[in-house]
Amino acid sequence: MALQLYKERLCCSICLDLPKDPVTIPCGHSYCVSCIKSRWDKEGQDEIYSCPHCKQTFAPRPVLVKSAMFADFVEALKEGSLEAAPADHCCSKLGDVGCDFCTGSKLKALKSCLVCQVSYCELHLQPHYKSAAFEKHKLVEPLENLQEKFCSIHDEVMKIFCRSDQQTICILCSMDAHKDHDLVSTSAERNKKQMELRVSREKIQMRIQQKEKDVKVLRQEMETISHSADKAVKDSEKVLAELICFIEKRSSALKEQIRSKQKAEISRVRKLKEKLEQEITELQVKDAELEQLSHTDDHIQFVHKYLVLSHLSESTDSLFLNIQPLTYFDDVTVTLSETRDRLQDILNEDWLKISQKVIEVDVLLPHPEPETREEFLQYSRQITLDPNTVNAQLSLSVGNRKATVMREKQLYSSHPDRFTDWLQVLSRQSLTGRCYWEVQRSSGGVSVAVTYHDISRTGNESGFGNNDKSWALGCFDLSYYFRHNNMRTVLSGPQSSKIGVFLDHKAGTLSFYSISDTMTLLHKVHTTFTQPLYAGILIYWAGDSAELCELK
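Residues numbered from 1 in each chain as written. Predicted model: local features only at pLDDT ≥ 70, side-chain atom pairs only at ≥ 80, totals over all residues. Heavy atoms only, no water.

An unreviewed UniProt entry annotates the protein chain as Tripartite motif-containing protein 16-like of Amphiprion ocellaris.

Below you can see the structure in the form of structure tokens.
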């Protein structure tokens, strides 16, 4: 196979056979002496001669030099006495530079010639070692993409680097298009870039070390999350099992109590029943005796017996049976059903809190902030207004989501959480983690706010934005403003009747958006929240209203 490969690659490219009396031309390619002479005889009219393989031109006509070594090599191939080439010089592998002279499967290049601009395998390199025509050719280690090392204009090796244009050029380019530029040798530029490379590698290695530390932290974080989740599942199962056990014990105790009461009451009723039945029997006997007596003809006997038989024992009073209401155990079921309903309400309300705590679990990784309304809606919260905090001048409606300023005070019970001096109200639900909600407002003036629950309920400082415990966006027909700690900032933005609010409690960000066909950021707060927050609405004038939107 190796011999056949050599034969194919050493064939004369004119006659396609092993060369007869092989000669080598200045470019390094070899042909039959008769084939190349015949070819050049036809080209001689213009006195320009070319290599049939690489197309390099020569003028005047080169002197043909016989290659004795090549002729011997061809003879050895013909006789089949040539040994196979070493394995490492056979076919080029991935990453090796292939021989440009080989056709078909390329051999590994041993050297590259900067004059020929060709890479040669050991076989095709032999003329460069043996022929005087190649004495001035410069051989270097095999270069990949050799043609890229030469100037496309002057066909010269690009040994110069132009720092002005940041490109490699040849000597002729340096005297022409790059004249007066900052020029250095490619080796000098290499030395400079080598230093920069060293610095770059140091930076990269430092970043790798930092990333490896981050990966280690994340791995630990994953383990911590899994451990915490496993513990939460185990603990929740235990707590719920305890609750189920408690209910089962209460169920068993109630069942036992009911059965005990059932037994006692049935025993009491049975005794009364037996006593009544005994009295009935006695009365029936007495009645039979009296009936028999009534047929006696002996007056004296009748009188004597009647005096005895007419005496009745004291009767059991059964009048109460018609007076006492017989409810039995119905009230137990009613009371138990009421308890079940209350317990379900408590569990449903607390279950939302428990579920929210699961949602609020947040690891150290920063979450990208939503960009579209669809992404914001993933964090939507269904919020209602707290009647215990609403100012008496506000009326709540639509499931406690809408507040309207009334001209007359509303009848609300007294409560310490109620606002007295500002027409405002808080949400019933506390807000932590990531939350999004929207407020639909009427014309006029409305402030959309978030606040800590311990904000003052009276005085000027109780107004949203007038203290360091609340953050408020004032919305009016022609303008917006932001207010916090009694500091007011005028804002610009498209007018809209709907305002979106996004809270990232852990990240300490609070964003207000104007919502129409698109969402436009009006203001963003960066701070540290130390308590759960509550949504707030403040309305300024009679007849105006604001509503917490029901998001889906």
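Trainee: Looking at this structure, how should I read the overall build of the protein chain?
Mentor: When helices and strands are counted, the protein chain shows 9 helices and 24 strands. Within the span of the protein chain, comprising 552 residues, buried residues form 32% of the whole. Residue pairs in contact within the protein chain that sit at least 24 positions apart in sequence constitute 56% of those at least 6 positions apart. With an accessible surface of roughly 35,700 Å², the protein chain has 54% of that area assigned to carbon and sulfur atoms. (Helix = DSSP H or I, 4+ residues; strand = E, 2+ residues; numbered from the N terminus. Buried < 20%, exposed > 50% of the residue type's maximum accessible area, 1.4 Å probe, protein only. Contact = heavy atoms within 4.5 Å. Areas by Shrake-Rupley, 256 points an atom, 1.4 Å probe, with all protein chains shown as cover.)

Trainee: I'm lost on the sheet that holds strand 11 (residues 183-185) in this one. Help?
Mentor: To summarise the sheet geometry, strands pair through backbone hydrogen bonds and adopt either a parallel or an antiparallel arrangement. Reading across from one edge, 10-9-11 is the order of the 3 strands in this open sheet, with antiparallel pairing throughout. Strand pairing shows two members of the sheet lacking a second neighbour, strand 10 (167-169) and strand 11, which therefore form its edges. The average undirected angle you get between the axes of adjacent strands in this sheet is 35°. One ladder, built from 3 bridges, connects strand 9 (residues 160-162) with strand 11; its direction is antiparallel. Residue pairing for strand 11: Cys 162 is matched across the bridge by Leu 183. On the sheet, helix 6 (residues 186-294) packs against strand 9, strand 10 and strand 11 and is oriented at approximately 90° with respect to strand 11. (Pairing = 2+ DSSP bridges. Axes fitted to C-alpha atoms, helices over the stretch in contact; angles between N-to-C directions.)

Trainee: Quick question: what am I supposed to make of the environment of Trp 437 here?
Mentor: Of note, Trp 437 is situated in strand 15 (residues 434-441). Counting along the chain gives 62 residues from Trp 437 to Ile 499, while the straight-line C-alpha distance between them is 8.5 Å. Not counting chain neighbours up to four residues away, the residues in contact with Trp 437 comprise Arg 381, Ile 383, Leu 431, Ala 449, Val 450, Ile 499, Gly 500, Val 501, Leu 503, Ala 535, Leu 548 and Leu 551.

Trainee: Before we go on, may I ask you to explain the side chain of Ser 395 in this structure?
Mentor: Within the element layout of this structure, Ser 395 appears in strand 12 (residues 394-397). When neighbours within four sequence positions are excluded, Ser 395 is seen to be in contact with Lys 402, Ala 403, Thr 404, Met 406, Gln 410 and Tyr 412.

Trainee: What exactly am I supposed to notice about the sheet that holds strand 7 (residues 118-120) here?
Mentor: Strand order in the open sheet formed by 3 strands is 7-6-8, and the pairing between neighbours is antiparallel. With partners counted over all chains shown, the strands left at the sheet margins are strand 7 and strand 8 (139-140), one partner each. Sheet analysis places strand 6 (residues 111-113) next to strand 8, joined by 2 bridges and oriented antiparallel. Along strand 8, the bridge assignment pairs Cys 113 with Leu 139. Strands strand 6, strand 7 and strand 8 of the sheet are contacted by helix 4 (residues 122-130), whose axis makes an angle of about 110° with strand 7.

Trainee: Got a minute to help me understand the packing of helix 6 against helix 7 (residues 299-309) in this structure?
Mentor: For any two helices packed against each other, one specifies the crossing angle of their axes together with the interaxial distance. Here helix 6 crosses helix 7 at 165°, and the two axes come no closer than 10 Å. Overall, the two elements helix 6 and helix 7 adopt an arrangement that is roughly antiparallel. Regarding helix 6 and helix 7, the two cross each other, and that crossing is left-handed. On helix 7, the residues touching Lys 286, Glu 289, Leu 290, Leu 293 and Ser 294 of helix 6 are Gln 301, Phe 302, Lys 305, Tyr 306, Val 308 and Leu 309. Taken together, the residues that form the contact of helix 6 with helix 7 break down as 6 nonpolar, 2 polar and 3 charged. (Parallel < 35°, antiparallel > 145°, perpendicular 65-115°, else oblique. Left-handed = near helix turned anticlockwise from the far one by under 90°. Nonpolar A, V, L, I, M, F, W, Y, C, P; charged D, E, K, R; others polar.)

Trainee: Sorry if this is basic, but what is going on with the pattern of salt bridges here?
Mentor: Two side chains bearing opposite charge may form a pair once their charged atoms approach each other closely. Following the criterion strictly, the structure yields 17 salt bridges and no others. For the salt bridge of Arg 401 with Glu 550, the shortest nitrogen-to-oxygen distance reads 3.4 Å. With Arg 401 in the loop between strand 12 and strand 13 (402-405) and Glu 550 in the segment after strand 24 (545-548), this residue pair connects regions lying 149 residues apart in the sequence. Residue classification places Arg 401 among the buried residues on the basis of a relative accessible area of 14%. Residue classification places Glu 550 among the exposed positions, given a relative accessible area of 52%. Look at the salt bridges and you will find they share partners, linking Arg 163, Glu 189, Lys 193 and Glu 196 into a network. (Salt bridge = Lys/Arg side-chain N within 4 Å of Asp/Glu carboxyl O.)

Trainee: Honestly, the environment of Gln 531 in this entry has me stumped. Any pointers?
Mentor: Structurally, Gln 531 can be placed in the loop between strand 22 (519-526) and strand 23 (533-539). A C-alpha to C-alpha distance of 9.3 Å links Gln 531 and Thr 451, two positions 80 residues apart in sequence. Setting aside its immediate chain neighbours within four residues, Gln 531 contacts Tyr 452, Asp 454 and His 505.

Trainee: Would you mind going over the packing of aromatic side chains with me for this structure?
Mentor: Two measures describe an aromatic ring pair: the distance that separates the ring centres and the angle between the ring planes. Overall, the coordinates contain 16 aromatic pairs when judged by the stated rule. Taking the centre distance of 6.5 Å and the plane angle of 40° together, the rings of Phe 101 and Tyr 120 count as tilted. Of this pair, Phe 101 sits in the loop between helix 3 (68-79) and strand 6 while Tyr 120 sits in strand 7, placing them 19 residues apart in sequence. Tyr 120 shares its class with Phe 101; the two are buried. (Phe/Tyr/Trp six-rings, centres within 6.5 Å; stacked < 30°, edge-to-face > 60°.)

Trainee: Just to check I follow, could you spell out unusual backbone geometry for this structure?
Mentor: Keep in mind that most residues, glycine aside, have a negative phi and that most peptide bonds are trans. For the peptide bond that leads from Ala 59 to Pro 60, omega is 0°, which places it in the cis range. Phi angles above zero are rare outside glycine, and Lys 55 is one such case at about 70°. One can find Lys 55 in the loop between strand 3 (49-50) and strand 4 (57-58). Among the residues examined, Lys 55 registers a relative accessible area of 54% and is labelled exposed. Positive phi is not limited to glycine here, since Gln 117 has a value of about 60°. Looking at the secondary structure, you find Gln 117 in the loop between strand 6 and strand 7.

Trainee: What's the story with the pairing of strand 24 in this structure? I'm lost.
Mentor: The side chains of a regular strand alternate, residue by residue, between the two faces of the sheet. Sheet analysis places strand 13 next to strand 24, joined by 3 bridges and oriented antiparallel. Bridging from a neighbouring strand, Ala 403 pairs with Ala 546 of strand 24. Sheet topology places strand 15 next to strand 24; 3 bridges connect them, and they run antiparallel. Bridging across to strand 24, Val 439 finds its partner in Leu 548.

Trainee: How should I be thinking about helix 6 in this particular structure?
Mentor: Because each turn of an α-helix spans 3.6 residues, side chains separated by three or four positions in sequence point in the same direction. For helix 6, which comprises 109 residues, the first-to-last C-alpha distance of 153 Å matches the rise-based estimate of 162 Å (1.5 Å per residue) to within 8%. Taken together, the buried positions of helix 6 are occupied by Glu 189, Glu 279 and Leu 293. Looking at the buried positions of helix 6, the neighbouring elements they touch are strand 9, strand 11 and helix 7. (Expected span 1.5 Å × (residues − 1).)

Trainee: Explanation requested: a nonpolar patch on the surface in the structure shown.
Mentor: Together, Leu 240, Leu 243, Ile 244, Phe 246, Ile 247, Leu 343, Leu 347, Trp 351 and Ile 354 line one region of the surface with nonpolar side chains, adding up to about 780 Å² of accessible area. For the nonpolar patch, the secondary-structure elements that each account for two or more residues are helix 6 and helix 8 (330-359). The element that contributes the greatest number of residues to the nonpolar patch is helix 6, accounting for 5 residues. Mapped onto the elements, Phe 246 comes out in helix 6. Take Phe 246: its relative accessible area is 44%, and that puts it in the partly exposed class. (Patch = residues over 30% accessible without salt bridge, like charges linked within 9 Å, V, L, I, M, F, W, Y side chains within 5 Å.)

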